[in-house]
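The residues making up each chain are set out below.
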Protein chains: 2
Amino acid sequence: MSLVMTNTQDQSESYVCNPNLQLRLGTVESEQFALAFKALSNPIRVQILDLISQGGGQICGCDIERHFDLTQPTISHHLKVLRDGGLITSEPRGVWVTHRINMGMLTTLQGLLMLVNNTKS
Amino acid sequence: MSLVMTNTQDQSESYVCNPNLQLRLGTVESEQFALAFKALSNPIRVQILDLISQGGGQICGCDIERHFDLTQPTISHHLKVLRDGGLITSEPRGVWVTHRINMGMLTTLQGLLMLVNNTKS
DNA sequence: GCCTTACATAGATAAGTTTCGATATATGCC
DNA sequence: GGCATATATCGAAACTTATCTATGTAAGGC
């Protein structure tokens, strides 16, 4: 890439270094990605997701609380953020609620990272 | 998984549904992941990353600003968040600053997603 | 040296996040 | 029905984030 202006025809309007860029992700799409990544934007939630992924697909809240120095409402909040971000699903099972990884969402996020990592040089 | 208590020896101390879970990610490690995901936790930044990935590895700020209805300082702030999260690098080139994807970080994030997506059923 | 352009920084404000203690809900056991 | 346990919700405090306007900095062209 050169940093010289490439679309000389349009010089009076605005400088453009690289006029070929297009937004490939729409507003709604990028908002959904952002919501999912927001769920992963906290170290506790990253660790919670790691625990859930080890639980044979399912673990209950008390299994999570043991590992952190946080109160039960705080863990409950983090689980809700993960749920709202689409990263896990939760299902009542009597007194407990079991949580499992939403593999489809994880695969979707991997797809986005691969898209932006596919840098042409 | 059964929700019946599995470590009956330890019943008086605390209920444990799934006693085999271990935190595989340390505090420092999960904080670094969280910082990188935080950089992706905003729809504008997801779109900026998409643009940068199309720029042949390098584009300048003016190429980004054109696509959004935001002021220059706001775009500058978002680029800094992406830089601090390790997702892009930025290099002065005369009057411009070029930005490029940090492929190593993207690969690392893909690795974490694969780890937690590798759910045993 | 001076002007223009690209980018960064500072300071303000409005909105969102994290965490807590207190309380509500709902399930299962006696 | 009454109690214990697991989880959710509420409301508040402290902190962080997104955005703006105004201003600073630094490079290149004349």
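Keep in mind that what you see is a predicted model, and the values were worked out from it rather than measured.

Which residues make up the sheet that holds strand β1 (residues 59-60) of chain B, and what are the values?
All names here are of chain B. One open sheet holds the 3 strands; their spatial order is β1-β3-β2, and the pairing between them is antiparallel. The open sheet has two free edges, formed respectively by β1 and β2 (88-93), since each of these has just one partner strand. Bridge analysis of β2 against strand β3 (residues 96-101) gives 6 bridges, and the strand direction is antiparallel. Bridge pairing links Arg-93 to Trp-96 in β3. Along the sheet, helix α2 (residues 43-54) makes contact with β1, β2 and β3, crossing β3 at roughly 95°.

Before we move on, could you go through the interface of chain A and chain B and cite the residues and values that matter?
At the interface, 54 residues of chain A touch 54 residues of chain B. Secondary-structure elements contributing two or more residues to the side of chain A that touches chain B are α1 (27-39), α2 (43-54), β1 (59-60), α3 (61-65), β3 (96-101) and α5 (103-117) of chain A. Among the residues making up the side of chain A that touches chain B, the classes are represented as 27 nonpolar, 20 polar and 7 charged.

Explain the protein's contact with DNA strand C to me, and be specific about the residues and the numbers.
Taken together, 23 residues lie around DNA strand C, and Pro-73, Thr-74 and Gly-94 of chain A together with Gly-61 and Pro-73 of chain B are the ones closest in. Among the elements of the structure, α4 (72-84) of chain A together with α3 (61-65), α4 (72-84) and β3 of chain B are those that each provide at least two residues to the surface near DNA strand C. Across the surface near DNA strand C, the residue classes break down as 13 nonpolar, 9 polar and 1 charged.

Describe the protein's contact with DNA strand D, listing the residues and the values that go with them.
For DNA strand D, the set of nearby residues contains 24 residues, the closest of which are Gly-61 and Pro-73 of chain A together with Pro-73, Thr-74 and Gly-94 of chain B. Per-element tally for the surface near DNA strand D: the top contributor is α4 of chain A, with 5 residues. Each residue belonging to the surface near DNA strand D can be placed in one class, and the counts come to 13 nonpolar, 9 polar and 2 charged.

Kindly report on α1 of chain A, identifying the contributing residues and their values.
The end-to-end C-alpha separation of α1 of chain A is 18 Å, in line with the 18 Å expected for 13 residues at 1.5 Å each. Those residues of α1 of chain A lying buried are Ser-30, Phe-33, Ala-34, Ala-36, Phe-37 and Ala-39 of chain A. Buried-residue contacts for α1 of chain A involve α2, α4 and α5 of chain A together with α1 (27-39) and α2 of chain B.

Tell me what's going on with the sheet that holds β3 of chain A, and back it up with residues and numbers.
Strand order across the open sheet formed by 3 strands is β1-β3-β2 (chain A), with antiparallel pairing between neighbours. With partners counted over all chains shown, the strands left at the sheet margins are β1 and β2 (88-93) of chain A, one partner each.

Tell me what's going on with α5 of chain A, and back it up with residues and numbers.
Taking 1.5 Å as the rise per residue, α5 of chain A with 15 residues should run 21 Å; its terminal C-alpha atoms sit 21 Å apart, in good agreement. Listed as buried for α5 of chain A are Leu-106, Leu-109, Leu-112, Leu-113 and Val-116 of chain A. Buried residues of α5 of chain A fall within an arc of 115° about the axis and therefore sit on the same side. Turned more than 90 degrees from where α5 of chain A packs its buried face, Gly-104, Thr-107, Gly-111 and Met-114 of chain A sit exposed. Tucked inside the fold, the buried residues of α5 of chain A contact α1 and β3 of chain A together with α2, β3 and α5 (103-117) of chain B.

So what's going on with the packing of α1 of chain A against α2 of chain B? Residues and values would help.
Two elements in contact, α1 of chain A and α2 of chain B, have axes separated by 8 Å at closest approach and are oriented at 110°. Accordingly, the angle class assigned to the pair α1 of chain A and α2 of chain B is roughly perpendicular. Counting all contacts with α1 of chain A, which are made through Thr-27, Ser-30, Glu-31, Phe-33 and Ala-34 of chain A, the residues of α2 of chain B involved are Pro-43, Val-46 and Gln-47 of chain B.

Which residues make up the pairing of β3 of chain B, and what values do they have?
All names here are of chain B. Where β1 and β3 come together, 2 bridges link them in antiparallel fashion. Its bridge partner lying in β3, Ile-59 is registered against His-99. Linkage of β2 to β3, two consecutive antiparallel strands, is achieved through a turn of 2 residues, within which Gly-94 is found at a positive phi near 70°.

Conventions we followed
Within each chain, residues carry numbers counting from 1 in the order of the written sequence. Numbering of ligands from 1 and lettering of chains from A proceed in the order in which they are written. Given that the model is predicted, a residue must reach a pLDDT of at least 70 before its local features are reported, and side-chain atom pairs must reach 80 or more before they are shown or counted; all residues, however, enter totals for whole chains, interfaces and linings. The pairing criterion for strands is at least two bridges between them, as found by DSSP. Starting at the N terminus, helices and strands are each numbered in turn, a helix being any DSSP run of H or I of at least four residues and a strand any DSSP run of E of at least two. Whether two residues are in contact depends on their C-beta atoms, placed from the backbone: they are in contact if these lie within 7 Å. For helices, the fitted axis covers only the stretch in contact; all axes are lines through C-alpha atoms, and the angles between them, taken along N-to-C directions, range from 0 to 180 degrees. Residue polarity follows a fixed list, in which Ala, Val, Leu, Ile, Met, Phe, Trp, Tyr, Cys and Pro are nonpolar, Asp, Glu, Lys and Arg are charged, and the others, Gly among them, are polar. Should the C-beta atom of a residue, placed from the backbone, lie within 6 Å of a molecule or strand, that residue is near it. Here, expected helix span is obtained from the residue count minus one, scaled by 1.5 Å. Here a residue counts as buried when 20 or more other C-beta atoms fall within 10 Å of its C-beta, as exposed when 12 or fewer do, and as partly exposed in between; the C-beta atoms come from the backbone. An arc is given here, and it is the one of the directions from the helix axis to the C-beta atoms. Roughly parallel means an angle under 35 degrees; roughly antiparallel, over 145; roughly perpendicular, 65 to 115; everything else is oblique.

Take it as geometry only, folks, not as evidence of what the structure does.
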